[in-house]
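# Examining the three-dimensional arrangement
Each chain, letter by letter, is given below.
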Amino acid sequence: MREAEDCRTMGEIRAGIDRIDTDLVRLFAERARYIDRAARIKAETDLPARIGSRVEEVVANVRRHALREGLPPDLVEKLWRRLIDWSIAREESHLGPDSLRRQPEE
């Protein structure tokens, strides 16, 4: 595995990107397993899928990480809000709609 700066050919660049894509998919799958577990815990405690304060906490965290890594925080936030929406939809597929659950005090 070469660092990006050490790559001399497009083949090396593509191999690095493909490796990262594989790792990202594995990490998204791991995140989905945590989401599924959260859905089971929320079902036991009658919590909704969307907890606004937690959504904003996650967004603030990724914006901070983006800045630290030299990425545009607005773009990263947009990506993460899509990921969060997907995660909430995944939870709701287990829990049912949030309108049927009690809303936590934030």
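A short tour of the structure in this document, coming up. (Residues numbered from 1 in each chain as written. Predicted model: local features only at pLDDT ≥ 70, side-chain atom pairs only at ≥ 80, totals over all residues. Heavy atoms only, no water.)

### Considering the overall build of the protein chain
What the protein chain contains, in helices and strands, is three helices and zero strands. In summary, the protein chain has a C-alpha radius of gyration of 18 Å against a globular reference of 13 Å for 106 residues, an excess of more than 25%. Seen along its three principal axes, the alpha-carbon backbone of the protein chain occupies a region of about 55 × 25 × 15 Å. Residue burial in the protein chain is summarised as follows: out of 106 residues, 26% are buried. Partitioning the intrachain contacts of the protein chain with sequence separation of at least 6 by distance along the chain shows that 70% fall at a separation of at least 24. Carbon and sulfur atoms form 57% of the exposed surface of the protein chain, whose accessible area is close to 7900 Å². Put simply, the protein chain has 21 plus and 22 minus side-chain charges, and the middle of one group is 1 Å from the middle of the other. (Helix = DSSP H or I, 4+ residues; strand = E, 2+ residues; numbered from the N terminus. Rg over C-alpha atoms; globule rule 2.2 N^0.38 Å. Buried < 20%, exposed > 50% of the residue type's maximum accessible area, 1.4 Å probe, protein only. Contact = heavy atoms within 4.5 Å. Areas by Shrake-Rupley, 256 points an atom, 1.4 Å probe, with all protein chains shown as cover. Lys, Arg positive; Asp, Glu negative; His and termini not counted. Charge placed at Lys NZ, Arg CZ, Asp CG, Glu CD.)

### Overview of the side chain of Glu 77
With respect to the helices and strands, Glu 77 occurs in helix H3 (residues 73–95). Residue class for Glu 77 comes out buried when judged on its relative accessible area of 18%. In this view, Glu 77 contacts Val 59 and Arg 63; residues no more than four positions away in its chain are not counted.

### Examining the nonpolar core
Counting residues in hydrophobic clusters, the biggest one holds eight residues: Ala 39, Ala 49, Val 55, Val 58, Val 59, Ile 84, Ile 88 and Leu 95. If we ignore the near neighbours within four places in the chain, the residues touching Val 58 are Arg 31, Trp 80 and Ile 84. (Core = buried A, V, L, I, M, F, W, Y, C linked by side-chain atoms within 4.5 Å.)

### Topic: the packing of helix H1 (residues 10–45) against H3
Here H1 crosses H3 at 45°, and the two axes come no closer than 9 Å. What the angle tells us is that H1 and H3 run oblique. Where H1 crosses over H3, the two elements pack in a sense that is right-handed. The residues of H3 that touch H1, namely those facing Phe 28, Arg 31, Ala 32, Ile 35, Asp 36, Ala 38, Ala 39, Lys 42 and Ala 43, are Trp 80, Leu 83, Trp 86, Ser 87, Arg 90, Glu 91, His 94 and Leu 95. A class-by-class count of the residues in the contact of H1 with H3 yields 10 nonpolar, two polar and five charged. (Axes fitted to C-alpha atoms, helices over the stretch in contact; angles between N-to-C directions. Parallel < 35°, antiparallel > 145°, perpendicular 65-115°, else oblique. Left-handed = near helix turned anticlockwise from the far one by under 90°. Nonpolar A, V, L, I, M, F, W, Y, C, P; charged D, E, K, R; others polar.)

### Points about the pattern of salt bridges
This structure, assessed with the given rule, holds 11 salt bridges. Ionic pairing is found between Asp 23 and Arg 19, a salt bridge with its closest N-O pair at 3.7 Å. Taken together, the positions of Asp 23 and Arg 19, both in helix H1 and four residues apart, correspond to about one turn of that helix. Judged by relative accessible area, Arg 19 falls into the partly exposed class, the value being 33%. (Salt bridge = Lys/Arg side-chain N within 4 Å of Asp/Glu carboxyl O.)

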